[in-house]
Structure formats: C-alpha cells, structure tokens
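Reading the structure
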Protein chains: 2
Amino acid sequence: MSQLAQEIISAIRKVVPYEDTFVPLHEPSFQGNEWKYVKETIDSTFVSSVGKYVDRFEKDLAEFTGVKRAVAVVNGTAALHVALTLVGVKKNDEVFIPSLTFIATANAVSYCQATPHFVDSEESTLGVDPYKLKSYLKEIAIVKNDECFNKQTGRRIKAIIPMHTFGHPVDMDQLIEVCQQYHIDLIEDAAESLGSYYKGQHTGSFGKISAMSFNGNKIMTTGGGGAILTNDERLADMAKHITTTAKVPHKWEYVHDQVGFNYRMPNINAALGCAQLEKVPDFLNKKRSLAHKYSEVFKGVPGVTFKQETDYSQSNYWLNALVLDEANEGIRDEILNLSNSSNLMTRPVWMLMNHLPMFRNCPSMDISCAESLEKRIINIPSSSELGDK
Amino acid sequence: MSQLAQEIISAIRKVVPYEDTFVPLHEPSFQGNEWKYVKETIDSTFVSSVGKYVDRFEKDLAEFTGVKRAVAVVNGTAALHVALTLVGVKKNDEVFIPSLTFIATANAVSYCQATPHFVDSEESTLGVDPYKLKSYLKEIAIVKNDECFNKQTGRRIKAIIPMHTFGHPVDMDQLIEVCQQYHIDLIEDAAESLGSYYKGQHTGSFGKISAMSFNGNKIMTTGGGGAILTNDERLADMAKHITTTAKVPHKWEYVHDQVGFNYRMPNINAALGCAQLEKVPDFLNKKRSLAHKYSEVFKGVPGVTFKQETDYSQSNYWLNALVLDEANEGIRDEILNLSNSSNLMTRPVWMLMNHLPMFRNCPSMDISCAESLEKRIINIPSSSELGDK
Ligand SMILES: Cc1ncc(COP(=O)(O)O)c(C=O)c1O
Ligand SMILES: Cc1ncc(COP(=O)(O)O)c(C=O)c1O
C-alpha cells in the first residue's frame, strides 16, 4: 500500500477523529425551525401548491443571494431546464458546458433538443477556463447578426453554463467578457454554490438566469428542490408562469397559454427550506472552520493539495476536495478504497460528460485539464456539523 | 336569476350546511400518522433521495392498487412523461388523448415531441368513448407491421391515454379491445382515480403503464407527488432507472447510461404519502357517504344530474360533479357565480384541450359530446371530511 494513501487517511482522521462511526460525505443538519414550519403546513393542510412558505422562501432566497427574484422549483435539474428554455435555447442549438460537471447540466441541454458542447476547466477554480474558451472561440466561432455560430457544425451556440464546482466560483469577469464578445448567453449552474461569492457578489447573480439545488446532499435542503435566480423581472415572471403549467389567472376557468411544466415546489418542502435558509450563515461558518482544519493538516502532506478558494472569491466549501499531484493520479482508487473501508466516505469527481455513452459524440474542445482533474480529485467528508466539533 | 341556479345552491346547502365558512372544492385531511412519519424523516435527516419511506410507499401503493410495481415520482405530470417515454412514444408520433382532460395529459405528449390527437368522451363515464373511437379508427387508421398509422397525416399512432375523470372509470373492456385490434399501447391517466375500480379491478392496473397524482387537491396527497404503476417488472425497473438520472450502480463512480430525469419523490414527501395512504379507505367511505347525500338531494332537482358511478364500476368520487341538461347549459356561469359568492366553491370542468392555443391545430375526431359536457359540468365541494359530518 502506498505511503501517501495512508498519510491522507491519517490527515483526514486528525480532523474527523470518529473511528467507530461511519462518516458520510455530506449530511444535512436540522437544528432550527424545520419541524415547526413543516408541522405548520400539515396543521394548516397547506402542504401543496398553495401556502405561504413558497412565497417566503422565494423572498428570503432573493434577499440572501442579492438577486431581484427567485422562483422555487422542484429541483435543480428543473431549474436548469427552465433557465435554458427561457433564454431561448432551441432544438439544434449548441450550449457550452464544462465536461467536468454533474450529469444534470448536460441532461438539461438535451431536454431542449440542443447539443452540449464541452469546454475545459481550469485547475485553480475547477470550473470553466475562460482564457482557453476565448482562444477556442477565435478558432471555431463566427458572430452573425449578434448571434454566435459554430463554423464547424453550422449550429448556433446560444448559451454557456459555467458551474461553480463544490462551491468554488468560476472566474466570472473573464468569462463575462468572452460571453459579451461572442453574444453567448450566460446561465450559471449555481446548484452547489449557495453562500459562495465572486469578488463579493453572490454566485448565481451574474448570469441572465441561474439554477440552484436544494437536494439532500447540498449545503441546505428542501428534501428535493431548486430555484431559478434572475435580476430580470420579466424572466422571473415567465419562470413562475411556465413552472406552474402556464395557467392564466381566472376566477375559475382553466386556460393555459403555452406548453408549461409542473415544476412547482410544494409548500411543505418550502417550509423546510425557510428553516434551513435561516441556518445557512451558521452552516457557512462551520464549513469554513472545517475547511480551515483540513487545509492546515494537509499542509504537511506533500503530493496532494487541499482545494482552497482563490484570493478573489469566497467558497461555501460545500464539498471539500483533495487534488492529487499528477504524479500520484495512479493511487486515487487506492485512497478511495482505503478510506471507504475505514468508515470515512470519500468519492471521486463525476465521470466526464463526454465519456458517457449518450454524450460521447458531442462537440468538444481539448479538455486535457478536466481529463487530468478527473483522475486526481477526491471529495472528503464535508458535513457542516464536522466543523463544529 | 334563474330558479334552477337557486335550487342547485339550496340542494348543495342541504348537504353542506356551513353558511359562515368558505367551503373549498377539495381539502386534504391529516388526522393519521402524518406528523409521526414526517417528523421521523427530519429527526433521522433522511428527507431526500435516501430513506425508507419511498420504498415503503411504493410497496404499499402497489399492494393497494393490485399492481406488481409502483414507482414514486415527483408528480403526476412526470409520471405521464415517463410512461410515454417507456412505451416508446417518439418524436412525430400521435397519441390519442381525450380533449376533456387536465392540461398535464396533453403537455406530457408534447414533452415527447409527439402530437396529441383528440378523442371524444361519453356522457356516462365522462371519459373516452371506445365505440366512437372504433368507428373513427376504421375511417382514419391503417395497421402496418403491427403498428397503427394515421392515413391522413402519415404519422404513427403509438398510444392512447384514457383518463378516469373525477374518479369515474372509463369503459375499459371496450377500450382494450379497440387498442388490441389497432396495436395502440394503453397508458392510463389514473391521476384522479386512486380507489376507483372497474369491474372490481383497480384503475391504473389495466394499462401497460399508468400515472397517478398526489397533488394537494387529490384524494390523498404527498404535497407534490405522483407514481408510475405497471405489472411489467422490466418497465418498472426502467422507470426507476430513468427517474433517478439513469445512474448505474457503482460503489463510487458516477456513470449514467442514458439521458435520464431527476423525477424522484423525496423521502419527506413519501413519508406524508405513507400516512395518507393508510387513511385512503377511510377517505373513500366518507366520500361515498358525501356522494350519496348529494345524489339524494339532487333527485329532487329536475334539469340537472348528479354524476354517479356506472353499475359496472366503483368511483372514488374524488370530485363530485353536476351535469346540467342540455337545455340548461346557458346558466352554468350563473350557478358558478352564485355559489362562489355564497361561500361554496364550485368550478367548471377544464377548457377542452383543442380550444387552447398550443393545441388548436392538433388532429381531432368529432368531439361533440366533450364540447357539450364542457358547457354543462360543475364540480361541487368534495372534501372527504364533508362526508363525515
Ligand atoms: C452541478 C449540479 N447541477 C445540477 C444539479 C441538479 O440538482 P438536483 O439534484 O436538485 O436536480 C446538481 C445537484 O444534484 C449539481 O451538483
Ligand atoms: C387528469 C390529470 N392528469 C395529470 C395530472 C397531473 O398531476 P400533477 O399535478 O401531480 O402533476 C392531474 C392532476 O393535477 C390530473 O388531474
């Protein structure tokens, strides 16, 4: 067995010294008003599409993230689907997404009958590399009538979805510049980055429209849930409309004016969300404290880096990550085996999207950095409560 | 003001004599283990995709409805979308649906890039008229290689979605015969018919695959939720797979083998569902008692019929409905106005699908019965608790 694998386990153990219990990767914590609010929805019978918690959750979330409007939906995947639909992604368009992301980003593009076009990530943010994207666009793209086209496929490149990996913000200033130059709409996949800031501004507030997730493994949870964020009131109204079956208000008549979705978040889930959101500042503190402890112990372990926020950003440290040096990529699975068999849950990053059968033939730039990162990233236990102890 | 409108309000008032409080159309009731089970998900932190209530709800639901397998999903709309996908509805196919249905049935067809083809309903069941369908098919359809084609449009007619309106079962024997003769797959929209039986067999167990809804206005609720029912184990496995992002089991690797969906029901919603399902027999009794009272008082009101189950079926009486005689269709809105302004919530049936802008140009048979019913149906207060008092 390699010495580095053992050193890594020992280092994690210094921060998480609970040898006898299984330590999950990420566990939610319900120590606030969760039961109070949820109980209220049951007692009032307003558990479903009617009730005050959805409105409140949307208001609270907009306030927290500093956007004009938030629209609560059934999950982050639905939020991405709606975001793409609302910026006008159409059949046969291409949409840039990182190859290093969770499957939902790519699936949402498919739901629009559009094609994901994969871009590379950079080591410092684990997200879209705006410089590399810029040179790639110079080579393959042409702008006609304020729209960007792929010269090689002839298809329109309508949008890009940067994703803030594990809570680490993408280099937004550079990316925004590229998007403006090439007339590409910006949709942020902020599913993992509630509480993460780029130069003091909350992630998810840069894009024309953005998506968040409140799945059980996220920094806060609504059971299942997500949200659409935007500063554009018109887009927010449209988001609300098409996520609630596009029903036109009427005292009793059922008129729907377009093909809509049932993507609304139920009130019982929003109640959980309101209570969780109250605790997010606390979760963020604990997660910072946990990340700080990890960064300290890993200073003493050569061959691996504990992923820290860049100096211009503040990460929520949703999932803590180790990045092995290139020389050590061969021992990733050994570390995963060793830790998982010793009560410490760890996992690799997602398989790259263009390695999956259904996306194998999609267009892609050179993604050598993502390919290297895929072999070297290991997520380690990250529950906020671990930062408390 | 018409005398009939006043007589109708008086008749409803005999059954629902609570003049001072607003009587909603349908209200859920939480008097069982709802608190207990929901609280347990919060206390255990298993509110999301992991947890025992989803499995239990699926098992309990399959048992209750008598199908081999049930797969819990995020809502009834998602269940319909998955059902259509799994029977193999493809882009440019046609799918028969009643024009008299809730928008979700038609939207689900659109999600598959297929075209709804509208069929008429019959007065006795308020659902698909199998005899009329049969003569229509004789005229427009041709079977080639065990597949049905529309001779007029050239498109394949892949499936039909009968919907059990307000809980009243469609005439299944006749419909199944037509489907077999023409090689059309049967998908039941059983969103409204949990607890409804056709010749002793539960609705939703006849189709190749069926959809249920547990929205807040249904006979039981999970906040938001739905289920896929099927007797085909292979289809059930596929349903589970594509509603959970098509992830292939692996100890840590993220491999997905097709474009899937995030349509899973969260554990917190399934906990509510388990408790509600325990109460369904009780809800059914109360609803039968309420329907019985209505049927008695409306015997004395000529010009209108209280909708009762046919002699070969058992309805759950989810939403009670009055059907005005044709001569009285002109006073529907007067009745709606009068009742809603006197604390009794009532509503008309949905606007017919082919009267909505996005479906206006879809193919349709003569739908004169549905057109007449649209002008004559009025839903009246139906909460199960009203049957108790
Ligand atoms: C990057 C990313 N995008 C999208 C999603 C989808 O969110 P959800 O699981 O709520 O559908 C997730 C989380 O699962 C995610 O991590
Ligand atoms: C006939 C019918 N089909 C489908 C649905 C869709 O269910 P859901 O609202 O859970 O998406 C409903 C209920 O809303 C319905 O009444």
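Residues numbered from 1 in each chain as written. Chains lettered and ligands numbered in written order. Predicted model: local features only at pLDDT ≥ 70, side-chain atom pairs only at ≥ 80, totals over all residues. Heavy atoms only, no water.

1. Focus on the overall build of chain A
Secondary structure summary: chain A contains 11 helices and 18 strands in total. Here the C-alpha radius of gyration of chain A, 21 Å, is about what a compact globule of 389 residues would show, namely 21 Å. Each principal axis of the C-alpha atoms in chain A carries an extent, and together these give about 70 × 60 × 35 Å. Expressed as a percentage of the 389 residues in chain A, the buried residues total 66%. For chain A, contacts bridging at least 24 residues in sequence account for 71% of all contacts bridging at least 6. Summed over all atoms, the accessible surface of chain A reaches about 13700 Å², with 48% contributed by carbon and sulfur. Charge centroids of chain A, computed over 40 positive and 47 negative side chains, lie 4 Å from each other. (Helix = DSSP H or I, 4+ residues; strand = E, 2+ residues; numbered from the N terminus. Rg over C-alpha atoms; globule rule 2.2 N^0.38 Å. Buried < 20%, exposed > 50% of the residue type's maximum accessible area, 1.4 Å probe, protein only. Contact = heavy atoms within 4.5 Å. Areas by Shrake-Rupley, 256 points an atom, 1.4 Å probe, with all protein chains shown as cover. Lys, Arg positive; Asp, Glu negative; His and termini not counted. Charge placed at Lys NZ, Arg CZ, Asp CG, Glu CD.)

2. Structural notes on the domain arrangement of chain A
Residues and elements named next belong to chain A. The domains assigned to chain A are domain 1 (3-30 + 279-352 + 376-388) and domain 2 (34-277). The gap between the C-alpha centroids of domain 1 and domain 2 is 27 Å. Taken residue by residue, the interface counts 30 residues in domain 1 and 35 residues in domain 2. Carbon and sulfur atoms make up 63% of the area that domain 1 and domain 2 hide from each other, which totals about 2800 Å². Broken down residue by residue, the surface that domain 1 buries against domain 2 is led by Tyr312, Trp318 and Trp350, which jointly contribute 26%. (Domains from an automatic or database assignment. Buried area = accessible area lost by both parts, 1.4 Å probe.)

3. Points about the sheet that holds strand 15 (residues 313-314) of chain B
Residues and elements named next belong to chain B. Spatially, the three strands line up as an open sheet ordered 9-8-15, and their pairing is antiparallel. Of all the strands in the sheet, the pair left with one neighbour each is strand 9 (201-202) and strand 15. By the bridge criterion, two bridges tie strand 8 (residues 197-198) to strand 15 in an arrangement that is antiparallel. Residue pairing in the sheet places tyrosine 198 in a bridge with serine 313 of strand 15. (Pairing = 2+ DSSP bridges.)

4. Describing the site of ligand 1
Taken together, 15 residues lie around ligand 1, and Thr77, Glu192, Ser213 and Lys218 of chain A together with Asn262 of chain B are the ones closest in. Neighbouring residues of ligand 1 are not confined to one chain but are distributed across chains A and B. A distance of 2.6 Å separates an oxygen atom of ligand 1 from a polar side-chain atom of threonine 77 of chain A. Considered on its own, ligand 1 offers 380 Å² of accessible surface; in the complex 97% of this is hidden by protein. Considering each element in turn, the shell around ligand 1 owes the most residues, three residues, to helix 4 (residues 76-87) of chain A. Grouping the constituent residues of the shell around ligand 1 by class yields five nonpolar, seven polar and three charged. (Near = heavy atom within 4 Å. Polar contact = N/O pair within 3.5 Å; in protein donor to acceptor, adjacent residues only side chain to side chain. Nonpolar A, V, L, I, M, F, W, Y, C, P; charged D, E, K, R; others polar.)

5. What to know about the sheet that holds strand 18 (residues 377-380) of chain B
All names here are of chain B. A sheet is described by the order of its strands in space; here four strands give the open sequence 14-16-18-17, paired in antiparallel fashion. Edge strands, defined here as strands with exactly one partner in the open sheet, are strand 14 (304-306) and strand 17 (347-348). In this sheet, strand 16 (residues 320-324) lies alongside strand 14 in antiparallel orientation, the contact comprising three bridges. Considered in strand 16, the bridge of threonine 305 is made with valine 323.

6. A closer look at the nonpolar core
If you look at the biggest cluster of nonpolar residues, it comprises 145 residues, and the most contacted ones within it are Phe57 of chain A together with Phe57 of chain B. Setting aside chain neighbours within four positions, we find phenylalanine 57 of chain A in contact with Ala72, Phe214, Met220, Thr222, Met265, Ala270, Gly273, Cys274 and Leu277 of chain A. Within the second largest apolar cluster, 78 residues are counted, among which are Val74 and Ala83 of chain A together with Val73 and Ala104 of chain B. (Core = buried A, V, L, I, M, F, W, Y, C linked by side-chain atoms within 4.5 Å.)

7. Quick look at the pairing of strand 2 (residues 94-98) of chain A
Residues and elements named next belong to chain A. Most of strand 2 is tucked away: five of the five residues are buried. Because side chains alternate across strand 2, one face comprises the buried residues Glu94, Phe96 and Pro98, and the other comprises Val95 and Ile97, equally buried. Pairing between strand 2 and strand 3 (residues 115-119): five bridges, direction parallel. Looking at the pairing, glutamate 94 lines up with threonine 115 of strand 3.

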